Structure formats: C-alpha cells, structure tokens
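Fold and contact review
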Amino acid sequence: MQYYFNVENLSINFGGVKAVNNISFAVEKNMIFSIIGPNGSGKTTIFNMISGIYKPNSGKILFEGRDIVGLRPDKIARVGIARTFQNIQLFGNAAVVSNLMLGRHIHMHTGVFSAAFMWGRKSAVAKEERDHTRKVEKIIDFLELQKFRDHLVSSLSYGKRKLVELGRALALEPKILLLDEPSAGMNTEEKEDIRIWIKDIQEELGVTILLIEHDMNMVMGISDRIFVMNQGVKIIEGTAVEVQNHPEVIKAYLGDRRK
Amino acid sequence: MEMKREYYEDIQYFKKKWVMVVAAVFILLLFTIPIYFTGYSLFILNLIMVYVIVAVGLNILVGYTGQISIGHAGFFAVGAYAMILLMTLLHMPFILALVLSGFISAFFGFLLGLPSLRVKGPYLAIVTLGFGMTIMHIIGQANLFGGRLGLQAPPLDVGVTQLGLSWVLTTDVQKFYLILIITIIMVVAARNIMKTRIGRAFVAIRDDDIAAEVNGVDLLIYKTLSFAISAFYAGVGGGLFSFVLSFVEPFQFNVLLSIIFLVMIIVGGLGSIVGSIVGAVLITFLQYSLLKNVRELPVLGDWLVAISQKWFTVIGLENFNSMILGIIIALIIIFEPKGINGIWLRFKKYCLTWPFK
Ligand SMILES: Nc1ncnc2c1ncn2[C@@H]1O[C@H](COP(=O)(O)OP(=O)(O)O)[C@@H](O)[C@H]1O
Ligand SMILES: [Mg+2]
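In this text the structure is predicted, and so the values were computed from the model without any measurement.

Analysis parameters
- Numbering of residues begins from 1 in every chain and follows the order in which that chain's sequence is written.
- Labels are handed out in written order, letters beginning with A for the chains and numbers beginning with 1 for the ligands.
- For this predicted model, a pLDDT threshold of at least 70 governs which residues receive local features, and a threshold of 80 or more governs which side-chain atom pairs are given and counted, while totals over whole chains, interfaces and linings are taken from all residues.
- Water and hydrogen atoms were dropped before computing side-chain values, which therefore reflect all heavy atoms in the structure.
- For helices the rule is a DSSP run of H or I covering at least 4 residues; for strands it is a run of E covering at least 2, with both sets numbered from the N terminus onward.
- Accessible area is worked out with a 1.4 Å probe on protein chains only. A residue is then buried under 20% of its type maximum, exposed over 50%, and partly exposed in between.
- In what follows, a contact means two residues having at least one pair of non-hydrogen atoms within 4.5 Å.
- Shrake-Rupley sampling with a 1.4 Å probe provides the accessible areas, and residues are treated as covered by the protein chains on show and by no other component.
- In short, buried area is how much 1.4 Å probe accessible area vanishes from two parts on joining, totalled over both.
- Here a salt bridge means any side-chain nitrogen of Lys or Arg lying within 4 Å of a carboxyl oxygen belonging to Asp or Glu.
- Under this definition, polar contacts are N or O atom pairs within 3.5 Å; protein pairs additionally need one hydrogen-donor-capable and one acceptor-capable atom, and for neighbouring residues in sequence, both atoms have to be side-chain atoms.
- Whether a residue is near a molecule or strand depends on its heavy atoms: it is near if one of them lies within 4 Å of it.
- Only Asp, Glu, Lys and Arg are considered charged in this grouping, and only Ala, Val, Leu, Ile, Met, Phe, Trp, Tyr, Cys and Pro are considered nonpolar; every other residue, Gly among them, is considered polar.
- Start and end points for every domain follow an automatic or database-based domain assignment.
- One number per residue, pLDDT, summarises how confident the predictor is, and it ranges from 0 to 100.
- Coordination here is defined by N, O and S atoms within 2.8 Å of the metal (3.2 Å for Na, K and Ca), and since water is not considered, a site can look incomplete.
- Here an angle of 0 to 180 degrees is reported between the N-to-C directions of two axes, which are lines fitted to C-alpha atoms, with helices fitted over the stretch in contact.
- Reported orientations rely on four angle classes, namely roughly parallel under 35 degrees, roughly antiparallel over 145, roughly perpendicular from 65 to 115, and oblique for the rest.
- By definition, two strands form a pair when at least two bridges between them are found by DSSP.
- Given a helix with a known number of residues, its expected span is that number minus one, times 1.5 Å.
- Two aromatic rings from Phe, Tyr or Trp, using only the six-membered ring of Trp, form a pair when their centres are within 6.5 Å; if the ring planes differ by under 30 degrees the pair is stacked, by over 60 it is edge-to-face, and anything between is tilted.
- Each nonpolar core is a collection of buried residues, namely Ala, Val, Leu, Ile, Met, Phe, Trp, Tyr and Cys, held together in the definition by side-chain atoms within 4.5 Å.

Counting its secondary structure elements, chain B contains 14 helices and four strands. Within chain B, buried positions represent 51% of all 357 residues. The contacts of chain B with a sequence gap of at least 6 include a subset with a gap of at least 24, amounting to 74%. With an accessible surface of roughly 17,500 Å², chain B has 73% of that area assigned to carbon and sulfur atoms.

Taken together, the contact pairs 47 residues of chain A with 39 residues of chain B. A combined buried area of about 3,700 Å² lies between chain A and chain B, and 61% of that area is made up of carbon and sulfur atoms. When the area that chain A buries against chain B is broken down by residue, the three leading residues are F91(A), H105(A) and W119(A), summing to 18%. Applying the counting criterion to the chain A and chain B interface returns three salt bridges. Of the charged contacts, one joins D218(B) and K75(A) as a salt bridge, the two residues approaching to 3.6 Å between their closest N and O atoms. Put simply, chain A and chain B have 10 residue pairs in polar contact (both at pLDDT 80 or more) between them.

This part is about the pattern of salt bridges. Following the criterion strictly, the structure yields 17 salt bridges over all chains and no others. The closest approach of N and O atoms between R149(A) and D150(A), which form a salt bridge, is 2.8 Å. Since its relative accessible area comes to 3%, R149(A) is described here as buried. The network of salt bridges with shared partners includes R72(A), D74(A), K75(A) and D218(B).

Turning to the site of ligand 1, a few remarks are in order. Residues and elements named next belong to chain A. As a structural note, the neighbourhood of ligand 1 is formed by F14, A19, P38, N39, G40, S41, G42, K43, T44, T45 and Y54. G40 places a polar main-chain atom, nitrogen or oxygen, 2.7 Å from an oxygen atom of ligand 1. Here an oxygen atom of ligand 1 sits 2.7 Å away from a polar atom, N or O, in the side chain of T44. Look at ligand 1: alone it shows 550 Å² of surface, and the protein chains cover 62% of it. Among the residues making up the shell around ligand 1, the classes are represented as four nonpolar, six polar and one charged.

This brings us to the domain arrangement of chain A. All names here are of chain A. The assigned domain composition of chain A is domain 1 (1-80 + 174-259) and domain 2 (95-169). A separation of 28 Å is found between the C-alpha centroids of domain 1 and domain 2. Domain 1 puts 16 residues into the contact, and the matching count from domain 2 is 12 residues. Together domain 1 and domain 2 conceal approximately 1,200 Å² of surface at their shared face, both sides included; 69% is due to carbon and sulfur atoms.

Turning our eyes to something else, we now look at the confidence of the model for chain B. Residues and elements named next belong to chain B. On average, residues of chain B score 87 in pLDDT, and 89% of them are at 70 or above. Note that pLDDT drops below 50 for residues 1-8; the model gives that stretch 16 contacts with residues more than four away or on any other chain. Two numbers describe this predicted complex: its pTM, 0.91, and its ipTM, 0.92.

Residues and elements named next belong to chain A. Here the magnesium ion (ligand 2) is held by the protein donor atoms T44 (OG1) and Q86 (OE1), which lie 2.0 to 2.1 Å from it. Of this pair, T44 sits in helix α1 (residues 43-50) while Q86 sits in the loop between β6 (81-83) and α3 (96-103); the two residues are 42 residues apart in sequence, bridging distant segments of the chain. Overall, the relative accessible area of 23% leaves T44 in the partly exposed class. A relative accessible area of 25% places Q86 in the partly exposed class.

On to the packing of helix α6 (residues 158-171) of chain A against helix α7 (residues 188-203) of chain A. Residues and elements named next belong to chain A. The interhelical angle for the contact between α6 and α7, taken along N-to-C directions, is 10°, at an axis separation of 11 Å. In terms of axis orientation, α6 runs roughly parallel to α7. Residues G159, K160, L163, L166 and L170 of α6 lie in contact with α7, whose contacting residues are E190, I194, W197 and I201. In the contact of α6 with α7, the residues fall into six nonpolar, one polar and two charged.

A word on the pairing of strand β2 (residues 17-27) of chain A. Residue and element names in this part refer to chain A. Relative to β2, strand β1 (residues 5-14) runs antiparallel, the two sharing seven bridges. From the neighbouring strand, I12 faces β2, where its bridge partner is V20. Following β1, the chain reverses through two residues before pairing antiparallel with β2; G15 in that reversal takes a positive phi of roughly 50°.

Let's shift gears to helix α5 (residues 124-142) of chain A. Taking 1.5 Å as the rise per residue, α5(A) with 19 residues should run 27 Å; its terminal C-alpha atoms sit 27 Å apart, in good agreement. Here the buried face of α5(A) lies against α3, α4 (112-117) and α6 of chain A together with α6 (172-195) and α7 (197-207) of chain B.

A few words now on the packing of aromatic side chains. All names here are of chain B. Counted by the stated rule, this structure contains 27 aromatic pairs over all chains. Summarising the aromatic geometry, the rings of F76 and F241 are spaced 4.8 Å apart at their centres and angled 50° between planes, so their arrangement reads as tilted. Placement of F76 in helix α3 (residues 72-88) and of F241 in helix α9 (residues 219-245) is noted, with a sequence separation of 165 residues between them. With a centroid separation of 6.2 Å and an interplanar angle of 75°, the aromatic rings of F202 and Y222 are classed as edge-to-face. With F202 in helix α7 and Y222 in helix α9, the pair connects residues that are 20 residues apart, well separated along the chain. Neither residue differs from the other here; F202 and Y222 are each classed as buried. Through successive ring pairs, a cluster of aromatic residues spans Y51, F76, Y81, F145, F241, F253 and F261.

One finds Y51(B), F94(B), Y233(B) and F253(B) to be the most contacted residues of the largest nonpolar core, which totals 108 residues. Tallying contributions element by element places helix α2 (residues 39-64) of chain B first for this core, with 18 residues. Those residues in contact with F94(B) that sit more than four places away from it in its chain are M83(B), M87(B), L156(B), D157(B), V158(B), G159(B), L178(B), I182(B), L240(B) and F243(B). Counting residues in each nonpolar core, the second largest holds 39 residues, with V97(A), I140(A), I201(A) and I222(A) among its members.

This brings us to unusual backbone geometry. The phi dihedral of N30(A) falls on the positive side, at around 65°, and the residue is not glycine. Structurally, the position occupied by N30(A) is in the loop between β2 and β3 (32-36).

Set out below in structure tokens:
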C-alpha cells in the first residue's frame, strides 16, 4: 500500500552514536501520529531529518510517494511540511503578527522592486500584504492571541510563545505539521486548550500531524497511532491501548509514572 | 470575539494624522536648508546625505539581516569609480550611470554574499574586510582607475546629452537638491522593502536562520539579496560621493571608512532606518564639523592644541579628533547598546505610559 507519508529504515549517527537507528513508520493522511520515548531517544532528531536540517546517513523519507531526503529545509517547507521546535525558535525581536506573516512567506510573491516602489493603497504589494494579514489574523483569532498581536515575541510567556510558533507553522498552510512537545512549559489550562486546537487542526483543517509529546493524557487522548522508541530504536507502534499494555513501554517509559 | 481591524494599518506610513503633518513639515524644512547653510556647511550636508544612503544600506545587511561587512568602503569605491567611468568613457546620462553603478556594486555584493552561506560572524568579517582592501588596492594599481592619483569627476550634467538636453549642476546648492531627492527616494524604498516579505525574511535570518529556512526562506537567495541591496545603496552613495568631492582616489576608501560606516549604524541603532540616518548625520557631523573646530574653542582649544603637539606628533590635533570620536562612540554603546534609536524608543515608551510607570 502507498502511504501518504512514510519513513523507511532511517538512521543517523553523531560521532559513532546511533541517535536514530533503522526507524520505519507510515502515516496515513489526516492522522495524528505520535512519537514518544524518554529524553534522548531520538525523537527530535527524526523531526530534524524530516525537515531537512539533518541529513540521514541512510534511509528514505517519502511524502506523497516522493523521497524528500536531501532537499533543503526551505524546499521541504514548500513541499508542505511545517514544524515547531522543542526549544521554540521564533523571531524574538519581531511582533507576533510579523512572526506569523513570515509563515506566509512561501505564499507571497512581492519582489524587491515592487516592494521598494509600488506602495499605493491599491497596488499589488499593498493588496498582497492585506490579503495575507487577513489570513494571519484568522490564525491569531483561532489561537486566541488577539491581545498579544502587536507584542514583541520576546516579551511573551513560554506558553504563549509556544502558541505563536504553532501559529507560524499554521500560517504556512502545511499538509503535514510536525509538533515537537507543543504543551511543554504550559499550565493545565493552556494544555487543555492546545489539545483541543491540535484536534481542530486535524479535523477542521485536514492537516496530518506528527506529534512528539510527553504529556501522556494528551498523547493517549488524541493520537490515532503511537510510535514508541528508546535510544534510537523502535519499541512498538500501535493504538493507545496496544501501546499502553506493552511490557517494554511500561518498563522503559510509563513505568516510572505508575509507581 | 470578532475584532474589526483595518488590515492596511500595518504597512501604512502614518498611523496618526499628526505624524503625517510632522513628516511633511520636516521634509519641507529639508528643502529650505540651503537658505541657512552655505559653503563648507552645505558641502558637509551633501556628504552627510551620501553617508545616510550608505548607512541605510549597511543597516539592511547588518542590522536587519544580521550579517557583517567591514568591506563597505569597497562597494562605495566601486560605485564612485563606476559612476565616473560610465559617464566619461561611455558618456552615459547621469541617472542611468548612477543606477548602473548601483547595480555593478550590487553584483559585487551578490558575490560577497555567497561565502556568507558558509561562514559567519568573525570569519565573514574577515572575508568582507579582505574584499574592501582588495578593491582599494586594485583601484590603486590599475591605470583605468587612475592609480594613486585617482580620477576627476566629469561635470555633473543631469540631462541626457544624447537627446540634446543638458543641465550641468555646478553649485553645492544644486547638488544639494539633487542628492536630497535621491536620498529621500532611497530611504523610502528601504523602509518599504523592510515592511514586506523581503524585510521579514531578512529579520528572520537575523533572529534564527534555521527557523527562517524551515519556514521556506531560501538562505541562498535572501542572504545574497541582502548583500546585493546593501551594496546597491553603497554603490549609489559612492556614485554621488564622486560628485560631492569632484575627484576620487584610492585612499578615500580605506578600511577606516568601512569601520566608520559600521559605527554610524551601531551608534544610530541596528535594525532601524531612522537610526541609520541619525547615526550617519551625527558621526559625519562630529568628524567634519564639531571636532574640526576644537581649535577654536575658548581656552580649551589652545590647551588641546598644545597637548596634542607635545604628545601626539605628526598630525597633532587630528589624533584628538579620532580619540574624542572614539570615546563618544564607546560611551554611547556602553550606555545604550541599541544606539540612539534605543534612547528614542525608551523615551516614546516613557511618554506613552507616563503617569503610570
Ligand atoms: N547535532 C547533534 N550532535 C550530536 N548529537 C546529537 C545531535 N542532535 C542530537 N544528538 C543526540 O542524539 C540523541 C537523540 O537526541 P534527540 O533527538 O534530541 O532526543 P529526544 O528528542 O528524543 O529527546 C541524543 O543523545 C542527542 O545527544
Ligand atoms: Mg526532543
């Protein structure tokens, strides 16, 4: 069967350490596919390979049947894969709205000369800015960031910055969204909100989501499939129920929580 | 909650009416400058405007895109020499030659932008430094560029002689208006570019180049573009410079000039167009006007002259000028790392929040 997105025998070494070792999985369209595992097990590294920041030593990453290994990150964004970062990588000295507008970059076309000189109210440049601001404004409303619209990102709380980063990824209108620990550093209320929004993004926007998350309530609650790994290798992949009952998962990951 | 918003407001020039009025009055005042200033002052003002253009361009690269260049005197030289050669050898009309000088310089900027994809920070600084020095040496050696003697600028004919239109500008006042109009166009264009996707891509690269790339910003295109735009500004500035001074020679374009350009934008405020302008005005003014007059200060002047003659040989007071300039720069940077623009921002915030905080 031809999958929407799959990873085949993906491996990468850092100075002899196999951070990701022969990982394969398949993601169907419009799924929430979660990757869990203890810290250092290689989850973020998988995202970095998918988004083109790291080049795998071996293996394939197939999106809509095409191998995207070797494409630069900006080309991968154009293919339709957006992401957030575990440690938040926003443009700190810009306002929330400008951060989201950067997410529109690949959909905008203004060139240097028109940008420099075509500035009437009715010009193509002004029209493009307006149209895309309008789209960004919808995302700001969706994530309830209206109050912070014009604030500098560096002045926001950690939880709000996580949201801005999610907003920026959404502004790209991706087909696949990679979320690296979206609820980390959020309070209970914010966690509840982001869980609902992620579900909305899947259901209403039809986006396929790859999710790395430590909050087990959230993972078990919203994932269609869960992939468990430890020290670069796969432990098990399955539904929430299948995963929760796997002895190695209990031992390696959930175990300490149950004590 | 549905918020009604005028989406145009983000890119509007003037969010408030009074700002528009102030800006209009300010620009009108600029046009009256030749009434109050003449002779040497006007010459300095022309020089200041040339440096404003260069500083704005440099800030696009350094302040907005987060790259470094200690070679901008090189682009400045390329523009200055290209301008003279295009007009004298190829008899190009002024405007065409000026724009082309900008593009020739931009092409060098593009080339210098290529290594910025691989090297960063201090390494990029060295590459650009090397570029600036190479340019200076090439123009100092080649006969085409007049060697050490330099080149004489042709008459400043802003007409198109090919069409039988000729209008030679001879006075500093005429040059002032020409340069003022070009400066305003360049500044407005820079501000416009920075407000669009291109400016946002630059800022994204500055703040986090990986995040920029992951959001679809092609680093190859945008880093080289930033270098090219910045070099274009320096090239146009250089083109005008050759007419302000009427002649160009290699030593005008030494490393110190590149550093002075950087000082302008750091003192004015990185990542701020207005800051670039203020920095260029202030530093040029300090260099050419204020510190040149140290000698005429009552008591202190004689005193400083005596000290500099005793302790700093060769050029005496000149050393004092650079020292005082250096100290002023150091003080500004120590106390306000965001430059004069930072002081302004804090003042604005203070006014907005006044009785409350
Ligand atoms: N750029 C890198 N250089 C060296 N080692 C790295 C690099 N990136 C990740 N690693 C290593 O790969 C392993 C997996 O890291 P990571 O993917 O961040 O784990 P996780 O996201 O599951 O917590 C860790 O041992 C980490 O130290
Ligand atoms: Mg991680």
